[in-house]
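Breakdown of the fold
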Amino acid sequence: QVELVESGGGLVQPGGSLRLSCAASGIIFSHYGMGWYRQAPGKQRELVARITSGGSTIYADSVKGRFTISRDNTKNTVYLQLNSLKPEDTAVYYCNGQIWTVMYWGQGTQVTVSS
(Lines give C-alpha, C1' and ligand atoms only; values in the text may rest on other atoms or scores of the structure.)
Protein backbone atom coordinates (compact mmCIF):
# COMPACT_ATOMS: atom_id res chain seq x y z
CA GLN A 1 0.00 0.00 0.00
CA VAL A 2 1.47 3.32 -1.12
CA GLU A 3 1.24 6.32 1.18
CA LEU A 4 2.54 9.86 0.87
CA VAL A 5 2.01 11.79 4.09
CA GLU A 6 2.63 15.53 4.20
CA SER A 7 3.29 17.55 7.32
CA GLY A 8 4.58 20.95 8.34
CA GLY A 9 1.88 23.26 7.07
CA GLY A 10 0.37 26.03 9.14
CA LEU A 11 -0.28 29.72 9.56
CA VAL A 12 2.66 32.06 9.08
CA GLN A 13 3.09 35.80 8.69
CA PRO A 14 4.31 37.34 5.42
CA GLY A 15 8.07 37.04 5.20
CA GLY A 16 8.09 33.96 7.39
CA SER A 17 9.26 30.43 6.71
CA LEU A 18 7.93 26.89 6.84
CA ARG A 19 9.36 23.47 6.09
CA LEU A 20 7.08 20.89 4.57
CA SER A 21 7.86 17.18 4.73
CA CYS A 22 6.44 14.26 2.78
CA ALA A 23 7.13 10.77 4.04
CA ALA A 24 6.66 7.97 1.53
CA SER A 25 5.99 4.30 2.13
CA GLY A 26 5.18 1.38 -0.12
CA ILE A 27 7.45 2.52 -2.96
CA ILE A 28 11.13 2.29 -3.83
CA PHE A 29 11.53 5.94 -2.97
CA SER A 30 14.94 6.46 -4.57
CA HIS A 31 13.53 5.46 -7.96
CA TYR A 32 10.80 8.08 -7.95
CA GLY A 33 10.77 11.67 -9.06
CA MET A 34 9.13 13.69 -6.29
CA GLY A 35 7.33 16.96 -6.44
CA TRP A 36 5.32 19.56 -4.62
CA TYR A 37 2.18 21.06 -6.11
CA ARG A 38 -0.25 23.57 -4.67
CA GLN A 39 -3.86 24.51 -5.16
CA ALA A 40 -5.36 27.79 -4.01
CA PRO A 41 -9.12 28.27 -3.67
CA GLY A 42 -10.74 28.67 -7.08
CA LYS A 43 -7.52 27.91 -8.92
CA GLN A 44 -6.03 24.89 -10.65
CA ARG A 45 -3.37 22.76 -9.04
CA GLU A 46 0.06 23.97 -10.12
CA LEU A 47 3.60 22.69 -9.95
CA VAL A 48 5.76 24.30 -7.27
CA ALA A 49 8.96 22.24 -7.49
CA ARG A 50 10.19 18.82 -8.57
CA ILE A 51 13.30 16.78 -7.84
CA THR A 52 14.33 13.83 -9.96
CA SER A 53 15.64 10.52 -8.68
CA GLY A 54 19.09 11.86 -9.54
CA GLY A 55 18.60 15.07 -7.58
CA SER A 56 17.97 17.56 -10.39
CA THR A 57 15.46 20.24 -9.50
CA ILE A 58 13.03 22.57 -11.24
CA TYR A 59 10.94 25.37 -9.78
CA ALA A 60 7.96 27.46 -10.75
CA ASP A 61 9.05 31.00 -11.60
CA SER A 62 6.90 32.35 -8.79
CA VAL A 63 8.93 30.53 -6.11
CA LYS A 64 12.46 30.57 -7.54
CA GLY A 65 14.93 31.90 -5.01
CA ARG A 66 12.44 31.49 -2.14
CA PHE A 67 11.62 27.78 -2.03
CA THR A 68 14.00 24.82 -1.97
CA ILE A 69 13.13 21.19 -2.63
CA SER A 70 15.34 18.40 -1.32
CA ARG A 71 15.15 14.68 -0.63
CA ASP A 72 16.61 12.22 1.83
CA ASN A 73 16.51 8.74 0.34
CA THR A 74 17.59 7.20 3.65
CA LYS A 75 14.39 8.54 5.24
CA ASN A 76 12.10 8.15 2.20
CA THR A 77 11.25 11.81 2.61
CA VAL A 78 11.06 14.86 0.37
CA TYR A 79 11.14 18.37 1.80
CA LEU A 80 10.08 21.81 0.69
CA GLN A 81 11.66 24.77 2.46
CA LEU A 82 9.48 27.84 2.05
CA ASN A 83 11.14 31.20 2.77
CA SER A 84 10.03 34.80 2.30
CA LEU A 85 6.43 33.68 2.19
CA LYS A 86 3.81 35.88 0.56
CA PRO A 87 0.03 35.90 0.94
CA GLU A 88 -0.24 34.54 -2.60
CA ASP A 89 1.58 31.40 -1.46
CA THR A 90 -1.53 30.47 0.53
CA ALA A 91 -2.75 27.10 -0.75
CA VAL A 92 -3.02 23.41 -0.01
CA TYR A 93 0.36 21.88 -0.80
CA TYR A 94 0.40 18.35 -2.19
CA CYS A 95 3.24 15.87 -2.41
CA ASN A 96 3.57 13.86 -5.62
CA GLY A 97 5.62 10.82 -6.52
CA GLN A 98 6.03 9.65 -10.10
CA ILE A 99 7.86 6.96 -12.04
CA TRP A 100 7.05 6.56 -15.75
CA THR A 101 3.25 6.81 -15.92
CA VAL A 102 2.63 5.81 -12.31
CA MET A 103 1.75 8.71 -10.04
CA TYR A 104 0.80 8.99 -6.38
CA TRP A 105 -0.51 11.93 -4.36
CA GLY A 106 -0.57 12.83 -0.71
CA GLN A 107 -3.59 14.22 1.07
CA GLY A 108 -2.25 17.76 1.23
CA THR A 109 -1.22 20.20 3.92
CA GLN A 110 -2.58 23.73 4.30
CA VAL A 111 -0.23 26.70 4.17
CA THR A 112 -1.75 30.05 5.07
CA VAL A 113 0.25 33.27 4.84
CA SER A 114 -1.49 36.11 6.61
CA SER A 115 -0.83 38.87 9.11
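Our structure's up above, just so we're on the same page.
The structure contained in this document is the topic of the report that follows.

About the thresholds
- Residues numbered from 1 in each chain as written.
- Predicted model: local features only at pLDDT ≥ 70, side-chain atom pairs only at ≥ 80, totals over all residues.
- Heavy atoms only, no water.
- Pairing = 2+ DSSP bridges.
- Helix = DSSP H or I, 4+ residues; strand = E, 2+ residues; numbered from the N terminus.
- Axes fitted to C-alpha atoms, helices over the stretch in contact; angles between N-to-C directions.
- Salt bridge = Lys/Arg side-chain N within 4 Å of Asp/Glu carboxyl O.
- Buried < 20%, exposed > 50% of the residue type's maximum accessible area, 1.4 Å probe, protein only.

Strand order in this open sheet of 4 strands is β1-β3-β8-β7, and the pairing throughout is antiparallel. For this open sheet the edge positions go to β1 (3-7) and β7 (67-72), each flanked by a neighbour on one side alone. Taking the axes of each pair of neighbouring strands and ignoring which way they run, one obtains an average angle of 15° across the sheet. By the bridge criterion, 5 bridges tie β1 to strand β3 (residues 18-25) in an arrangement that is antiparallel. The residue of β3 that forms the bridge with L4 is A24.

Another point: the pattern of salt bridges. Taken as a whole, this structure holds 4 salt bridges when the rule is applied. Among the salt bridges present, the one from E46 reaches R38, with a minimum N-O distance of 2.7 Å. According to the relative accessible area criterion, E46 is partly exposed, its value standing at 35%. One salt bridge connects K64 with D61, and the closest N-O pair in it is separated by 3.1 Å. The exposure class assigned to K64 is partly exposed, which follows from its relative accessible area of 48%. Given the relative accessible area of 64%, D61 is considered exposed. Each of the salt bridges in this network shares a partner with another, and the network as a whole consists of R38, E46, R66 and D89.

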